[in-house]
Amino acid sequence: MPRALISVSDDGFTYITLNGATSRYSDTGQAISYLGDYAQETATPLAVTIDDGSKKTEIGIDENGKVGAVPTDDTSAEATMDQSSTVASTDGSAQSAGLPKHSDRNSKDQSTNGQSTGRQNGFAPQDDSPGSNGDSYPLGTPFSGPAAPVTPTVKKTPVRRRSARKRPQRLKKITVPGLVLIGLAILMIGAFVVPNIVPVDSPDTPQTIGSEQQVNPASELSVDKTQDVVPSYDNSPAWEAEVPRRASVTASDRGVLLVNDNRLEVLDADTGRSRYKAKIDESPTFAVDTVIDGRPALLWQSGDTAEALFDGKSKPKTYQLPENARITSAGKSVLIKSGNTLSTFGADGLEDVPTPQAGSTPMAIDDDELFSSDWNGPVKAKNIKTGDERSIKLESPGDDLKIIDWISAGHGKAITLWGEQGASTNSGHRIQLVVHSLDDGSILSTVTTTTDIVGEQSWVRGQAGKRAYIGPYLFDLESGLLLMDVSSRDIHLSEPRGTIAPCTMDTNTSCLLAGKQAFKTDTDLLAVVDEGNKALVLGNDSTVRAYPKKSETQDR
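In this text, all values refer to a predicted model and were calculated from it rather than measured experimentally.

Caption draft 1: Focus on the overall build of the protein. Along its length, the protein carries six helices and 41 strands. The burial tally for the protein puts 58% of its 556 residues in the buried class. Element-wise, carbon and sulfur atoms account for 44% of the exposed surface of the protein, whose accessible area totals about 21,900 Å².

Caption draft 2: The arrangement of the packing of aromatic side chains in detail. Taken as a whole and assessed by the stated rule, the structure comprises three aromatic pairs. Plain terms: the ring middles of Trp459 and Phe475 are 5.3 Å apart, the flat faces sit at 50° to each other, and that makes the pair tilted. Of this pair, Trp459 sits in the loop between α5 (451–454) and β31 (460–461) while Phe475 sits in strand β33 (residues 473–476), and the two are 16 residues apart along the sequence. The ring of Phe310 has Arg295 lying over it, and the distance from NZ or CZ to the ring centre is 4.1 Å. A cation over a ring is seen here: Lys317 above Tyr319, with NZ or CZ 5.5 Å from the ring centre.

Caption draft 3: Main features of the pairing of strand β40 (residues 534–538). Where burial is concerned, most of β40 is hidden: five out of the five residues are buried. Of the two faces of β40, both are covered, the one formed by Lys534, Leu536 and Leu538 as well as the one formed by Ala535 and Val537. Where strand β39 (residues 525–529) and β40 come together, four bridges link them in antiparallel fashion. By the bridge assignment for β40, Leu525 is matched with Val537. Counting the residues in the hairpin turn of β39 and β40 gives four residues, including Asp530, whose phi is positive at 55°. Taken together, the five bridges between β40 and strand β41 (residues 543–548) define a ladder with antiparallel strand orientation.

Caption draft 4: How the structure looks around the sheet that holds strand β32 (residues 467–470). Here we have four strands laid out as an open sheet, ordered β31-β32-β33-β34, and antiparallel in their pairing. With one partner strand each, in any of the chains shown, β31 and β34 (482–485) form the two edges of the open sheet. Where β33 meets β34, three bridges bridge the pair, whose relative direction is antiparallel. Bridge pairing in β34 places Tyr473 opposite Asp485.

Caption draft 5: Structural context of the environment of Tyr276. Following the sequence through the fold, Tyr276 ends up in strand β14 (residues 274–279). The buried category is assigned to Tyr276, whose relative accessible area is 13%. On a C-alpha basis, the gap between Tyr276 and Ser314 in space is 5.9 Å, while along the polypeptide they are 38 residues apart.

Caption draft 6: Spotlight on unusual backbone geometry. Note the cis peptide between Gly377 and Pro378, where omega equals 0°. Looking at the secondary structure, you find Pro378 in the loop between β24 (369–373) and β25 (379–383). Of note in this structure, Asp400 is not a glycine but carries a positive phi near 65°. Considering the arrangement of structural elements, one finds Asp400 in the loop between β26 (389–392) and β27 (402–410). Using a relative accessible area of 72% as the deciding quantity, one classes Asp400 as exposed. A positive phi is found at Ser542, a non-glycine position, where the angle reads about 55°. Looking at the secondary structure, you find Ser542 in the loop between β40 and β41. With a relative accessible area of 10%, Ser542 lands in the buried category.

Caption draft 7: Main features of helix α1 (residues 28–42). With 15 residues, α1 extends 21 Å between its outermost C-alpha atoms, agreeing within 8% with the 21 Å of an ideal straight helix rising 1.5 Å per residue. Burial of α1 is extensive: 14 of the 15 residues sit out of reach of the surface.

Caption draft 8: Structural context of the sheet that holds strand β13 (residues 263–267). If you walk across this open sheet you meet the four strands as β11-β12-β13-β14, and the pairing is antiparallel. The strands lining the two open edges of the sheet, one partner per strand, are β11 (248–252) and β14. When the angles between neighbouring strand axes are averaged without regard to direction, this sheet yields 15°. Here β13 runs beside β14; their pairing, made up of five bridges, is antiparallel. In the sheet register, Val266 faces β14, and the bridge partner there is Tyr276.

Caption draft 9: Quick peek at the pairing of strand β15 (residues 286–292). Burial of β15 is extensive: five of the seven residues sit out of reach of the surface. Two successive antiparallel strands, β15 and strand β16 (residues 295–302), enclose a turn made up of two residues, where Asp293 displays a positive phi of approximately 50°.

Caption draft 10: Representation of the pattern of salt bridges. For the structure shown, the criterion picks out 13 salt bridges. A salt bridge links Glu240 to Arg545; its shortest N-O distance comes to 3.3 Å. You can see Glu240 sitting in strand β10 (residues 239–242) and its partner Arg545 sitting in strand β41, a full 305 residues away along the chain. The structure contains a network of salt bridges with shared partners spanning Glu240, Asp541 and Arg545.

The rules behind each value
- Residues numbered from 1 in each chain as written.
- Predicted model: local features only at pLDDT ≥ 70, side-chain atom pairs only at ≥ 80, totals over all residues.
- Heavy atoms only, no water.
- Helix = DSSP H or I, 4+ residues; strand = E, 2+ residues; numbered from the N terminus.
- Buried < 20%, exposed > 50% of the residue type's maximum accessible area, 1.4 Å probe, protein only.
- Areas by Shrake-Rupley, 256 points an atom, 1.4 Å probe, with all protein chains shown as cover.
- Phe/Tyr/Trp six-rings, centres within 6.5 Å; stacked < 30°, edge-to-face > 60°.
- Lys NZ or Arg CZ within 6 Å of the ring centre and 35° of its normal.
- Pairing = 2+ DSSP bridges.
- Expected span 1.5 Å × (residues − 1).
- Axes fitted to C-alpha atoms, helices over the stretch in contact; angles between N-to-C directions.
- Salt bridge = Lys/Arg side-chain N within 4 Å of Asp/Glu carboxyl O.

Written as structure tokens, this is what we have:
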């Protein structure tokens, strides 16, 4: 059985050594996702060693791309054959995990104590196959999009290596959306779609465009230097707070979450003062800004419990999670799945969420509505409190186009890939990346691209809900419109903070993308809070500082 080594380097990158070759990825979640793709495409189970420098962890990836215990040579083939007969094929976050292709299929595999997710979480994907329960419904990636219809078995083709498209992340310096993806990283390697292979001479064969041919013209983008710590923000901090040198630092509008050994602390994002301190038995594997019964809260999960620190409160509310619970923040509210039971967080405890009809996949909760769909739609939105339901037909971007992949749904948007008959997520064909409104199903934006560019990339939703990106395309998350296409520049986007997106250029130069300018800077931007009026930065001296927005006069 082939063995792969995932190693985390001091330079912030993750490396895979497989079959004598070494390749680089931005994080552990992306590395695991690649190995899942490789195992599925080559029908080869893998034994994987994850080495973060302090501890080694062994995991296994079966020939369907599922992550679990280390497979054995004599049983893995039989076990995976039985599984593949009841589920669709694997989804290659991302997340992010994660993220993991992920409901939000994004993944940033960075733990709150600087350890890899594979070592810290230790959980494997749950069985979502229709045969696992008589009343079960099929799933695509967990909570991301509907499961694909089962297709005939096709000949496996060699996997294509993909270059890392995300900014290298320091393991101890992550934002809340990034930590969300940690808990999803391994789960995102789940059942999805086996590509239909169309003969080259078939009249149904779509137009093929190589990955080197960029379909969309480059957006106007200038590269500049800046003397500001954060572009357009003052260099004198409004407040600063020291943090433990080895602490994990996570930031959002709801607070700054610090985890150091067995201590957890939340700082007020407006003042830097401590809001809450506690001893913990295990580090959080999931954290997110959310709304619970109309009240904003910072929510984090540790093991089988979750805690929500509501605005204005000094102590969090504790929730006991169901067995084998999976959590997603694809929508404005958090959705919990345990087996085929759904729930969400309420002010007084967990609240049951009605299970969608058989054949549909639950994707997200927005404003008390659960969004679910089968593979081709329409999307169903059911009010979880009143039971009222509405149907949302997604507008087609063109004649004879069909959905070839669900990327994400939630926060008022559905993101899908559309192509002609025979196109799949890795076929190299020209496709349409479409952002739909979940209000009425209308198209908000359409990007003509290829599967080589975005077919196996993750929709990364940024902190504060202002921006999102997939591959080289940066979107306004509120309007759904495309803001920037960096496909012709050597710029790789990372998880946005407010309206600013960290990035890398020229392979290893850090930058911040603001508007149509990429500023070269080593600033470690944690979050943009207070409606964009403050930027939180983690300094090399283990201090978090809040820099106020410049006035219009200062900007000029």
